[in-house]
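Commentary on secondary and tertiary structure
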Amino acid sequence: MTPVVSLRGAGLQFGQRALWKDLDVDILAGEFFAVLGPNGSGKTSFLKVLLGLQQLHSGTVTVAGHAVERGSRKIGYIPQQKSFAPDTPLRARDLVALGVDGHRWGLRIKAKAVNQRVDSLLDLVGASDYARVPLGQLSGGEQQRLRVAQALAAAPELLLCDEPLLSLDLHHQQAVSALINQQCHERNSAVVFVTHEINPVIDYVDRVLYLAGGRFRVGTPEEVMTTEVLSELYNSRVEVIRANGRIVVVGLPDATTHYHDDAHAGVEEGH
Ligand SMILES: Nc1ncnc2c1ncn2[C@@H]1O[C@H](COP(=O)(O)OP(=O)(O)OP(=O)(O)O)[C@@H](O)[C@H]1O
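Described in the following lines is the structure provided in the data block. This structure is a prediction, so every number in the text was calculated from the model and none was measured. (Residues numbered from 1 in each chain as written. Predicted model: local features only at pLDDT ≥ 70, side-chain atom pairs only at ≥ 80, totals over all residues. Heavy atoms only, no water.)

1. Observations regarding the pattern of salt bridges
A complete count under the given rule lists six salt bridges for this structure. The partner of Asp-119 in a salt bridge is Arg-93, and the shortest N-O contact between them spans 2.8 Å. With Asp-119 in helix H3 (residues 107-124) and Arg-93 in helix H2 (residues 92-99), this residue pair connects regions lying 26 residues apart in the sequence. Judged by relative accessible area, which is 39%, Asp-119 ranks as partly exposed. With relative accessibility at 9%, the residue Arg-93 sits in the buried group. Across the salt bridge formed by Arg-237 and Glu-239, the nearest N and O atoms sit 3.7 Å from each other. By relative accessible area, which is 35% here, Glu-239 ends up partly exposed. (Salt bridge = Lys/Arg side-chain N within 4 Å of Asp/Glu carboxyl O. Helix = DSSP H or I, 4+ residues; strand = E, 2+ residues; numbered from the N terminus. Buried < 20%, exposed > 50% of the residue type's maximum accessible area, 1.4 Å probe, protein only.)

2. Quick notes on the packing of helix H4 (residues 140-152) against helix H5 (residues 170-186)
Two packed helices can be described by the angle between their axes and the distance between those axes. Viewed as axis vectors pointing N to C, H4 and H5 meet at an angle of 5 degrees, and their least axial separation amounts to 11 Å. Looking at the two axes, H4 sits roughly parallel to H5. Residues Arg-145, Val-148 and Leu-152 of H4 lie in contact with H5, whose contacting residues are His-172, Val-176, Leu-179 and Gln-183. (Axes fitted to C-alpha atoms, helices over the stretch in contact; angles between N-to-C directions. Parallel < 35°, antiparallel > 145°, perpendicular 65-115°, else oblique. Contact = heavy atoms within 4.5 Å.)

3. What to know about the side chain of Asn-181
Examined against the element boundaries, Asn-181 turns out to sit in helix H5. The residues contacting Asn-181, other than those within four sequence positions of it, are Phe-32, Glu-186 and Tyr-204.

Any functional reading would require information that these geometric values do not contain.
As structure tokens, then:
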């Protein structure tokens, strides 16, 4: 089986700073692949390489067996959240319709089929109620659910997600993670899921790429999310604690922690 993503000897560097190098990895159809690491470790840049928006410094990358091309219909992309401008001249359903590949249906039934597909996607992400509201008037979480629907619209072979759960409440975090998991494990897309927190998707993740300090480790969560591996990656003693199926990492170096509030200082879940 041809891997959906294949990297060989891949390296990315800005100036003198190597984000990662000598990365060999194949990501398969139906695999949920999480990319974890502190701020600035190169997670978004990893997605940009797969999107053809960022050249590798060394090595090679292919998607579905071919050189990476920009704007590929094989790839669905949920970008890191940025709000739409208040005067964006699109309604919620227009955004989702942009993701639907109308060419799949014959001309005569095209409009109807596209409308039905858009309706079912809006329903999937719980956005039917605001389908006709202009994008700029929607909350951050509502906009985010539409981006998810748009990315799923073309049933992509490869689904790239950059922190897709940010600004979603717990209920919608669970709903959106389950949808992405369905696209992966039921519809056989390869999913690359960038996140600071593994816990919301811990039940779905097959393998992890953990980036830190110019180093990386690839493996199952059980192999990578350990005291030994993370201490080595951070070059500093951290403790990985597992409780009730969740992973808590304690003692991350200050420069790499993201406190949600003061109460979390020194403790970061699933990072
Ligand atoms: N085009 C570029 N030119 C120079 N430096 C860049 C460029 N793109 C990214 N960088 C740098 O590379 C590093 C990694 O950036 P990236 O956005 O991939 O990190 P990240 O792991 O996604 O971080 P975060 O968790 O904060 O989103 C950052 O220090 C960033 O400033």
